[in-house]
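# Reading the structure
What follows is each chain in one-letter form.
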Amino acid sequence: MEGLSTTLGSGAMTNSIAELHTMGPGDTIFAIGTNTTECHPIIGIAMIKAVKRGAKLIVVDPRATTLTQHADVWLRLQPGSDVALLNAIAHVILQNGWEATEYIAKHTENFSEFKKIAARYFPYKAAEITGVPATLIKDAAKIIGQSRNVAIYYTMGVTQHTSGVDNVMAVSNIAVLTGNIGRAKTGVNPLRGQNNVQGACDMGALPDVLPGYQKVQKTDVREKFAKAWGVEIPEEQGLTVPSVLDGIEKGEVKAVYIFGENPLRSDPDINHVKHCLEKVELLIVQDIFLTETAQIADVVLPGAAFAEKDGTFTSTERRVQRVRKAIEPPGQCKPDWQILSELIAAMGYPAAYSHPQEIFEEMRQLTPSYNGISYARLENESLQWPCPTNDHPGTPILHVGSSIRGKARFVPADFRLPAELPDKEYPMMLTTGRVVAHYHTGTMTRRCWGLRGVAPYEMVEIHPEDAAALAIEDGDQISVSSRRGEVLAVAKVTTRVSPGLVFMTFHYSESSGNMLTNTACDPTTQTPELKVCAVAVRKVKSPGVHLADTGFLQQNTAPEGVFHQPALSNAPH
Ligand SMILES: Nc1nc2c(c(=O)[nH]1)N[C@H]1C(S)=C(S)[C@@H](COP(=O)(O)OP(=O)(O)OC[C@H]3O[C@@H](n4cnc5c(=O)[nH]c(N)nc54)[C@H](O)[C@@H]3O)O[C@H]1N2
Ligand SMILES: Nc1nc2c(c(=O)[nH]1)N[C@H]1C(S)=C(S)[C@@H](COP(=O)(O)OP(=O)(O)OC[C@H]3O[C@@H](n4cnc5c(=O)[nH]c(N)nc54)[C@H](O)[C@@H]3O)O[C@H]1N2
Ligand SMILES: [Mo]
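None of the values given here were measured: they were computed from a predicted structure.

### Examining the domain arrangement of the chain
By the assigned domains, the chain splits into domain 1 (6-191), domain 2 (197-384) and domain 3 (428-570). Taking only C-alpha atoms into account, the centre of domain 1 sits 33 Å from that of domain 2. Linking domain 1 with domain 2 are zero salt bridges. Of the residues belonging to the side of domain 1 that touches domain 2, the class tally is six nonpolar, six polar and no charged.

Rendered as structure tokens:
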């Protein structure tokens, strides 16, 4: 299906957030690998409200979250076993004839192949792989198969695996099988993480595409851009992050220019990342703060923050919105577009832009899905792409009447094990993710004393049985180690995780989960398996944690422009 695979390539939601406000009896929300209330709270609250109005909720997550508390069915699977679970759900749907026969006949291809694979995934077999009782798999399949509308939402619990692409395909197979595409309150909806990650991908911040997902390997695409820019466009695809690091190791990558990322905390296996970034000949970092990555850079370029610049952001539902400068950037900071523009000029290309609007105008001429979006229109409204012409109203729902856009292709996949599983030496499984109070590597949120008060240090979730076996009590300082490194953190003894599983974030520099994570990647997207690795846990000392041990007090001197922080004697434990 040209249509659906284009959408998947863009990682965009097929549908719109506001549809959640209209869901109720007869509708189902299928949330898989997403801790929506902590990571997309506005959407998470809309989900819970829909459930209160009578919509059903199915949640697939190895950990208890706020969503699992509201779920009609919670499928508590072993991390990394989603393909087996989803294939078994498809198996039950097919066995009972709940598939959308007419939709499949009209709008899809490769159904017979898919049926063959699904037929092998008996619920009792999937139960052995996933740890989810077969009865619950059948319950979930029944709700999905019999609902009028099913809207699927997924995020990193699905993608951050060596089988990430298979997981995403298995998710969309369920939507296609049940005909839940191209209507309100349905769709395949990956919730994007940052305010403008959708926009960055739309603009070609990916290795293989130019703006608007136009493939760099297509001759006509390269010719179009070459003509507009007056330069030759290389035919070769760019590198993914893991291959940049490999390239440094091999001496093939000489310079790295990082902006808006802190890979020395956000990429797996920090020791390896550090080794590579220290080795590269030239490291340039452009950030709004002097991050760990910036501290080892040869050149630091100070960027301006969101409120200090003009431009547009494209949200997770493909909505392009105008952002307006509210305050002047401090000191020598400049908006990213201006730094890049000056750099291009210094390198001899006469592209002198004076305002982001000029860049937007140039971009939309070359990007069909943005062609009808202009600053003039954005003065009064926001628009969802594709918006091909000046009088086009934008597109809240993709693939309406999907036969026009080509057929949906079933892409069946078999379950594969994660790259690293617990063994004698590292007997527990670690999965990593987020808590509501902090954002990624904490460069911004750990500068807010209120948020630091809510979540001052890493709390490793560990099941009471495991804790008891290791003589660990809630609040003890523990060590978590993997084949790649070791960190100290505080134990949070809780049934949020199952026995054998521990959960950590990557928000805290002094105890970063990424000291431990595995660099094994999905073979297609090179997304690392941040959701599964093997670790060993041991007690370091008790009782309790002292804030000084966590680096919290040392870092507590307020940076310039930040409120001085009150004493934190009553910090939560
Ligand atoms: N507060 C806050 N909000 C954020 C962010 C932040 O750092 N802080 N980051 C933003 C960004 S960039 C992103 S990408 C999103 C991420 O948003 P989410 O993907 O929702 O966040 P995570 O905590 O990474 O993981 C989601 C869930 O996946 C589950 N999980 C782990 N392994 C598996 C598995 O094998 N299968 C399944 N089905 N589930 C699994 C975890 O238990 C967790 O509940 O959040 C965005 N929003
Ligand atoms: N273990 C583990 N690791 C993970 C994940 C996980 O679930 N587990 N999730 C992964 C995911 S989904 C993501 S998205 C990444 C996030 O990884 P990163 O993007 O590396 O993490 P951030 O801390 O958000 O870094 C963003 C940086 O941009 C800076 N910044 C903010 N605004 C601007 C601006 O306007 N201009 C410039 N130039 N800089 C700015 C901030 O100060 C910050 O240093 O982490 C990944 N790493
Ligand atoms: Mo993300």
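### So, the site of ligand 1
Close contacts around ligand 1 come from 32 residues, with Asp61, Gly80, Asp82, Arg434 and His438 the closest. Here a nitrogen atom of ligand 1 sits 2.7 Å away from a polar atom, N or O, in the side chain of Asp82. In this structure, a nitrogen atom belonging to ligand 1 sits 2.6 Å away from a main-chain N or O atom of His438. If ligand 1 stood free it would expose 910 Å²; the protein chains cover 96% of that surface. Listing elements by their share of the shell around ligand 1, those giving two or more residues are α2 (36-39), α10 (156-159) and β16 (428-433). Among the residues making up the shell around ligand 1, the classes are represented as 10 nonpolar, 16 polar and six charged. Lining the shell around ligand 1 are residues from two domains, each supplying at least three of them: domain 1 (6-191) and domain 3 (428-570).

### Focus: helix α13 (residues 219-229)
Working note: α-helix, 3.6 residues per turn, so residues spaced by three or four point in the same direction. Along α13, the residues classified as buried are Val221, Arg222 and Phe225. Each buried residue of α13 lies within a common arc of 95 degrees when the element is viewed along its axis, so the set occupies one face. Away from its buried face, by an angle of more than 90 degrees, α13 presents the exposed residues Asp220, Glu223 and Lys227. Count one or two residues on from α13 and you reach Gly230, which has phi positive near 65 degrees.

### Some details on the pattern of salt bridges
According to the stated counting rule, one finds 29 salt bridges in the structure shown. A salt bridge links Glu461 to Arg496, with the shortest nitrogen-to-oxygen separation between them at 3.7 Å. Taken as a pair, Glu461 in strand β17 (residues 459-462) and Arg496 in the loop between β19 (485-493) and β20 (501-505) lie far apart in primary sequence, 35 residues in all. For Arg496, a relative accessible area of 23% translates into the label partly exposed. A network of salt bridges, in which partner residues are shared, links Glu38, Arg63, Glu461 and Arg496.

Rules behind the numbers
- Residues numbered from 1 in each chain as written.
- Chains lettered and ligands numbered in written order.
- Predicted model: local features only at pLDDT ≥ 70, side-chain atom pairs only at ≥ 80, totals over all residues.
- Heavy atoms only, no water.
- Domains from an automatic or database assignment.
- Salt bridge = Lys/Arg side-chain N within 4 Å of Asp/Glu carboxyl O.
- Nonpolar A, V, L, I, M, F, W, Y, C, P; charged D, E, K, R; others polar.
- Near = heavy atom within 4 Å.
- Polar contact = N/O pair within 3.5 Å; in protein donor to acceptor, adjacent residues only side chain to side chain.
- Areas by Shrake-Rupley, 256 points an atom, 1.4 Å probe, with all protein chains shown as cover.
- Helix = DSSP H or I, 4+ residues; strand = E, 2+ residues; numbered from the N terminus.
- Buried < 20%, exposed > 50% of the residue type's maximum accessible area, 1.4 Å probe, protein only.
- Arc of directions from axis to C-beta.

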